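One-letter residues, chain by chain:
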Amino acid sequence: MAELDVKRLAEYLIDGEIGRKEVTRITAELPQLTVEDGYKIQEQLVAMKLSEGYRIVGPKMGLTSQAKMKQMNVEEPIYGYIFDYMVISDGVIPMNELIHPKVEAEIAFVLGKDIEGPGITGAQVLAATEYVVPALEIIDSRYENFQFTLPDVIADNASSSRVVFGSRFTRPEGLDLDLVGVTLSINGELKDFGAGAAVLGHPANSVAMLADMLARKGQKLRAGEVILTGGVTGAAMLHAGDTVTAKWDGLGEITLSVK
Ligand code: 0L1
Ligand code: MG
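Let me sum up the structure you'll find in this document. No experiment lies behind these values; they were computed from the predicted model shown. (Residues numbered from 1 in each chain as written. Chains lettered and ligands numbered in written order. Predicted model: local features only at pLDDT ≥ 70, side-chain atom pairs only at ≥ 80, totals over all residues. Heavy atoms only, no water.)

A word on the site of ligand 1
Taken together, Lys60, Gly62, Leu63, Lys68, Glu104, Glu137, Ile139, Phe146, Phe148, Val153, Ala158 and Ser159 make up the full set of residues adjacent to ligand 1. Glu137 is positioned such that a nitrogen or oxygen atom in its side chain is 3.0 Å from an oxygen atom of ligand 1. One of the side-chain N or O atoms of Ser159 is found 2.6 Å from an oxygen atom in ligand 1. Considering ligand 1 on its own, with 300 Å² of exposed area, one finds that the protein chains cover 94% of that surface. Counting atoms within 2 Å of the grid points, the majority share of ligand 1 lands in the largest pocket. Going through the elements one at a time, strand E1 (56–62) and strand E5 (129–139) are the ones with two or more residues in the shell around ligand 1. (Near = heavy atom within 4 Å. Polar contact = N/O pair within 3.5 Å; in protein donor to acceptor, adjacent residues only side chain to side chain. Areas by Shrake-Rupley, 256 points an atom, 1.4 Å probe, with all protein chains shown as cover. 1 Å grid on protein atoms, 1.4 Å probe; cavity = no way out; pocket = protein on both sides within 12 Å on 5 of 7 lines; lining within 4 Å. Sits in = over half its atoms within 2 Å of the grid points. Helix = DSSP H or I, 4+ residues; strand = E, 2+ residues; numbered from the N terminus.)

Observations concerning the coordination of the magnesium ion (ligand 2)
The coordination sphere of the magnesium ion (ligand 2), as far as protein atoms go, consists of Glu104 (OE), Glu106 (OE) and Glu137 (OE), spread over 2.0 Å. All donors of the magnesium ion (ligand 2) come from a single chain, and their spacing in sequence reads E-x1-E-x30-E. Taken together, the residues Glu106 in strand E4 (residues 102–111) and Glu137 in strand E5 connect sequence positions 31 residues apart. Glu106 gets classed as buried once you look at its relative accessible area, which sits at 0%. (Donors = N, O, S within 2.8 Å, 3.2 Å for Na, K, Ca; no water. Buried < 20%, exposed > 50% of the residue type's maximum accessible area, 1.4 Å probe, protein only.)

Some thoughts on the pairing of strand E7 (residues 181–186)
Within a regular beta strand, the side chains point alternately toward one face of the sheet and then the other, so they alternate between its two faces. Where E7 and strand E8 (residues 189–195) come together, six bridges link them in antiparallel fashion. In the strand pairing of E8, Thr183 is matched with Phe193. Two elements, E7 and strand E11 (residues 243–248), share five bridges in a ladder whose sense is antiparallel. Among the inter-strand pairings, Ser185 is bridged to a residue of E11, identified as Thr245. (Pairing = 2+ DSSP bridges.)

Quick notes on the packing of aromatic side chains
Remark: the centre distance and the inter-plane angle together describe each pair of aromatic rings, the angle taken between the planes. The tally for this structure, following the rule as stated, stands at seven aromatic pairs. Taking 6.1 Å as the distance between ring centres and 85 degrees as the angle between the ring planes, the aromatic pair formed by Tyr79 and Tyr81 counts as edge-to-face. Look at Tyr81 and you get buried, because its relative accessible area is 12%. Seen in terms of ring centroids, Tyr131 and Phe169 are 6.0 Å apart; in terms of plane orientation they differ by 85 degrees. Their pairing is edge-to-face. Of this pair, Tyr131 sits in strand E5 while Phe169 sits in the loop between strand E6 (160–165) and E7, and the two are 38 residues apart along the sequence. One aromatic cluster is present, formed by Tyr39, Tyr79 and Tyr81 through successive ring pairs. For the cation-ring pair, Lys102 lies above Phe146, with the distance from its terminal atom to the ring centre recorded as 4.0 Å. (Phe/Tyr/Trp six-rings, centres within 6.5 Å; stacked < 30°, edge-to-face > 60°. Lys NZ or Arg CZ within 6 Å of the ring centre and 35° of its normal.)

A closer look at the layout of surface pockets
In this model, the largest pocket occupies a volume close to 410 Å³. Lining the largest pocket are 26 residues; nearest its centre among them are Leu63, Lys68, Gln71, Ile139 and Phe148. If you list the elements that add at least two residues to the lining of the largest pocket, you get E1, helix H4 (66–72), E4 and strand E9 (226–231). Per-element accounting of the lining of the largest pocket gives the leading share, four residues, to H4. Across the lining of the largest pocket, the residue classes tally to 11 nonpolar, 10 polar and five charged. (Points joined across faces, edges and corners; volume = space filled by probe spheres on them. Nonpolar A, V, L, I, M, F, W, Y, C, P; charged D, E, K, R; others polar.)

Some details on the pairing of E4
For E4, the tally of buried residues reaches nine of 10 residues, placing the bulk of the element in the interior. Note that E4 and E5 share 10 bridges and pair antiparallel. When the sheet's bridge partners are listed, Lys102 is paired in E5 with Ile139. Here four bridges tie E4 to E9, and the two strands are oriented antiparallel to one another. Within E9, the position partnered with Glu106 by the bridge is Gly231.

This is the structure:
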């Protein structure tokens, strides 16, 4: 393949995000695109957002459920980054800034210490975790009809778009996060439910796996980062006028409205 024009491809995806327009998946033009290429484009996209003055809140893991991994025919999840401008603090999702958003309920970790792979375990993650907090992630693939291959979605920053954190931060000691039950409802109708174990057996395993994936690039997880571990529930489509309510057993609840 000719040299990958990561700058052009990252700009293409950022234009889709800013212009709120679906774009054709990159692999329609470059069918040989690899997972490594996808991460190169993502790195460029992240660098461009940083150069615009946005700040990284933390990384996110995606495709962590058996159902999503099966759907994409992959054995390893993917990661992307949540930026400060993606964090919603007033409980209102601005539909006019998004393309075709979906919401999923997650458990986020706030690190008190750096974690450097490889060989990290869930127990080590819990020991380095200051708090866990419920989170609703809004994913909004820039691709037409949410259709993509694995390298495409990696390039597109794992569909990252918005996030709402709960108001309760809980110390992890004594919690069985694999057993935490979560419900996701829209306009009072239950859309999905699950337990923390849906995330790679335990959400701490997701952080451990992320530390190992970053270690391959000589990177580490840093104290203060807030990490989205992956969907406990499936993702539900959002529409203007919707009210989303999600409840995490023992951790709290979040309500948000779509305007
Ligand atoms: O956060 C996620 O699990 C989403 C990863 C990307 C796949 C998708 O957009 O459904
Ligand atoms: Mg997610």
